[in-house]
Amino acid sequence: MRGRTASVVPAVCGILASACGQPADSVVVGSKNFSESILLGEIVAQQLERAGVPVDRKFNLGGFLCHQGLVEGKIDVYVEYTGTAHAAILKLPPERDPVRVRQQVDSIYRERFDAVWTEGLGFENTFAILVRRRDAVRLGIRTISDAVPYMRTWRPVFGYEFTERADGFTALARHYGITLERQPVNMELGLVYRALADGLGDFSSGNSTDGQIAALDLFMLEDDKRFFPPYEAAPVVRRAVLERYPAVRGALATLGGTISGDRMRELNRLVDVEHRPVTEVARQFLLDLESRSASR
Amino acid sequence: MNFFEYVAANRAEVLYNTVEHIGLVAASCGLAIAIGLPLGVLLTRRPGLSGPVIGFANVVQTIPSLALFGFLIPLPIIGGIGARTAIVALVLYGLLPLIRNTYTGISSVDPAVREAARGMGMTDWQLLWMVELRLAAPVILAGVRIAAVWGVGIGTIAAAIGAGGLGEFIFRGVAMVNNAVILAGAVPAALLALAADGGLHLVERALDWRRRTAA
């Protein structure tokens, strides 16, 4: 008994030490709490590790903890979306031009948070309006405009972010002239897809690259009146880290423009639908990237 | 806009969601008591079941709420979206303290007291009602207190499934990166939890006092 206690104590101390005291000399990579963000966090982390930079992962952070962490120096780099930073974090007035969005966000981040937006990863993730595929086929609707007449009596199910953001539903309804007879039900976004697929609502909000859209046989209506600005995903990194670890800049630049929208959807599908481990999907992606650039 | 300004500007909504929250917690606590208390008594009569049943209640506690909602959405009658699903989840989370405290409270009644009651010719029901439940009341009530305070706290997740309540402000605040809105849900929820705990504590004291004066 005594012998067992003796071996347990150091083990517990070890766990506590690793949990509390973060290694002083490493780059802390963060991610938000959904598959795409975790996967991108892992890709960034592995890419930095390949460049010989010591990494500490802080994944699955809810809400805007990543941003708060970045501001307070607890998170050194994470992948953010320009539109989210523009509308939700900086609360700037809606701006339709993605290039202007990126410029505004970048200059304010440099000035206010001492952080830098590195090159975009190459895909865009934006809000989307979803219906069940079988409804889209049955009613012959393809675009948001096609669906506007039906939306009047449909039951809407939205994620909180889509309801609250200035570039969310209120602005969309104005743009397309949507009127609703039913109050939207607000839910956690991951549950929204399930609810729509199970017929508990008739249309919903979503994020355009989420793997669940294809997995649950949902259909993304085309934004025919171009309301949703294309928001790009890019790593945001604290300037102090770029100075301390010069290899970080090059490692992140290599990732620039390497993930197309279709590629991102495919990667999300591997994680969400095929349930492949995130670390493995990230490793495979970086290996493919390496071989592609070698053959070029 | 700071917290006080936000609450002042939206007081009708804050009040409405607070009432909604109380409704969710009251309904789920009531159901948890209605299920957990008889189940706890049953376990004292069939001790062999106590391992599996308490084990099950323990496991339920470890299921993250979003995962639980995910399981519940496709189910008929108890599932779907809205208040009903939220209450089912809250009842499941509230069962553990009630089952366990009822079981422990009754099990720890002195066997000599039970023998004496039998010797006086009490039936099973009389023994349960007049002796065991009375002696176990403080422990059972402590379980109700835990369930109520937990219920107020985890009741905020009801907003994740479209059931409203004070969690609505928390989810909205998180989506907007606005602490004032988060606090508009969190502060009333904390006050409710304190009120529930304090109120049940008074009930406990009143029962205790009655028992003492009766003795």
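Here is a short report on the structure shown in this document.

Rules and cut-offs
Every chain is numbered independently, its residues counted from 1 as its sequence is written. Working convention: letters from A go to chains and numbers from 1 go to ligands, in the order in which they are written. pLDDT decides what is reported in this predicted model: residues at 70 or higher carry local features, side-chain atom pairs at 80 or more are listed and counted, and totals for whole chains, interfaces and linings draw on all residues regardless. Hydrogens and water molecules were not included; the side-chain quantities draw on all heavy atoms of the structure. Whether two strands pair comes down to DSSP finding at least two bridges between them. Per the convention used, a helix needs a DSSP run of H or I reaching at least four residues, while a strand needs a run of E reaching at least two, with both numbered from the N terminus. Note on definitions: angles span 0 to 180 degrees between N-to-C directions of axes, and those axes are lines fitted to C-alpha atoms, for helices only across the stretch in contact. Any two residues whose heavy atoms approach within 4.5 Å at even a single point are treated as in contact. Buried area is calculated as the accessible area (1.4 Å probe) missing from two parts once they are joined, with the contributions of both summed. One side-chain nitrogen of Lys or Arg within 4 Å of one carboxyl oxygen of Asp or Glu is enough to make a salt bridge. Residues adjacent in sequence count toward polar contacts only when both atoms are side-chain atoms; beyond that, a polar contact is any pair of N or O atoms within 3.5 Å, and within protein one must be able to donate a hydrogen and the other to accept it. Three categories are distinguished: nonpolar for Ala, Val, Leu, Ile, Met, Phe, Trp, Tyr, Cys and Pro, charged for Asp, Glu, Lys and Arg, and polar for the others, with Gly belonging to the last. Summary of the burial criterion: residues with accessible area below 20% of their type's maximum are buried, those above 50% are exposed, and those between are partly exposed, where the area comes from a 1.4 Å probe applied to protein chains only. As used here, the term nonpolar core means buried Ala, Val, Leu, Ile, Met, Phe, Trp, Tyr and Cys residues forming a set that is joined through side-chain atoms within 4.5 Å. What counts as a ring pair is set by centres within 6.5 Å for rings of Phe, Tyr and Trp (its six-membered ring), and what kind of pair is set by the plane angle: stacked under 30 degrees, edge-to-face over 60, tilted for all other angles.

### Considering the sheet that holds strand S6 (residues 156-159) of chain A
Residue and element names in this part refer to chain A. The strand order across the open sheet formed by five strands is S7-S6-S8-S5-S9, and the pairing between neighbours is mixed. Two strands lie at the open edges of the sheet, namely strand S7 (185-187) and strand S9 (218-220), each paired on one side alone. In this sheet, neighbouring strand axes are inclined to one another by 35° on average, regardless of whether the strands run parallel or antiparallel. Note that strand S5 (residues 127-132) and S9 share three bridges and pair antiparallel.

### A closer look at the interface of chain A and chain B
The partner chain B presents 18 residues to the 18 residues of chain A that form the contact. Between chain A and chain B, a total of about 1700 Å² is buried, with carbon and sulfur atoms accounting for 68% of that surface. Contact with chain B buries area across many residues of chain A, yet Tyr 160, Glu 164 and Leu 191 of chain A alone supply 34% of it, more than any other trio. On inspection of chain A and its partner chain B, the count reaches one salt bridge. Arg 172 of chain B serves as the salt-bridge partner of Glu 164 of chain A, at 3.1 Å between the closest nitrogen and oxygen. Taken together, the links from chain A to chain B amount to four residue pairs in polar contact (both at pLDDT 80 or more). A class-by-class count of the residues in the side of chain A that touches chain B yields 10 nonpolar, two polar and six charged.

### So, the environment of Phe 227 of chain A
Residues and elements named next belong to chain A. If you trace the backbone, Phe 227 turns up in the loop between S9 and strand S10 (233-238). Along the backbone, Phe 227 and Gly 168 are 59 residues apart, and their C-alpha atoms lie at a distance of 9.8 Å. Those residues in contact with Phe 227 that lie beyond four places of it in its chain are Arg 96, Asp 167, Gly 168, Ala 171, Leu 172, His 175 and Tyr 176.

### What about the pairing of S5 of chain A?
Residues and elements named next belong to chain A. Along S5, six of the six residues are buried, which leaves the element largely enclosed by surrounding structure. Of the two faces of S5, the one lined by Phe 127, Ile 129 and Val 131 and the one lined by Ala 128, Leu 130 and Arg 132 are each fully buried. Sheet topology places S5 next to strand S8 (residues 203-207); four bridges connect them, and they run antiparallel. Residue Ile 129 lies in a different strand from S8, and its bridge partner there is Ser 205.

### Thoughts on the nonpolar core
Within soluble globular proteins, side chains that are nonpolar tend to cluster in buried spots. Core analysis: the largest hydrophobic core is formed by 54 residues, its most contacted members being Met 187 and Leu 191 of chain A together with Phe 69, Ile 161 and Phe 169 of chain B. The element contributing the most residues to this core is helix H5 (residues 83-107) of chain B, with 11 residues. Other than its neighbours up to four places away in sequence, Met 187 of chain A contacts Val 157, Phe 158, Gly 159, Tyr 160, Val 192 and Ala 195 of chain A together with Ile 73, Ile 81, Ala 159, Ala 160, Ile 161 and Gly 162 of chain B. Formed by 35 residues, the second largest nonpolar core is a distinct cluster that contains Ile 43, Ala 45, Leu 48 and Met 264 of chain A.

### Observations regarding the packing of aromatic side chains
Residue and element names in this part refer to chain A. Evaluation of the coordinates by the stated rule reveals 15 aromatic pairs over all chains. Seen from their ring centres, Trp 154 and Phe 203 are 6.0 Å apart, and the 40° between their planes marks the pair as tilted. Residue Trp 154 is found in the loop between helix H7 (144-151) and S6, and its partner Phe 203 is found in strand S8; the two are separated by 49 residues along the sequence. Here Trp 154 falls in the buried class, since its relative accessible area comes to 10%. Among the aromatic residues, ring-to-ring pairing joins Phe 127, Tyr 150, Trp 154, Phe 158, Phe 162, Phe 169, Phe 203, Phe 227 and Phe 228 into one connected group.

### Overview of the side chain of Asn 207 of chain A
Residue and element names in this part refer to chain A. Mapped onto the fold, Asn 207 is located in strand S8. Residue classification places Asn 207 among the buried residues on the basis of a relative accessible area of 16%. Non-local contacts of Asn 207, meaning those with residues more than four positions away in its chain, are made with Asn 125, Thr 126, Phe 127, Leu 189, Tyr 193 and Ile 213.

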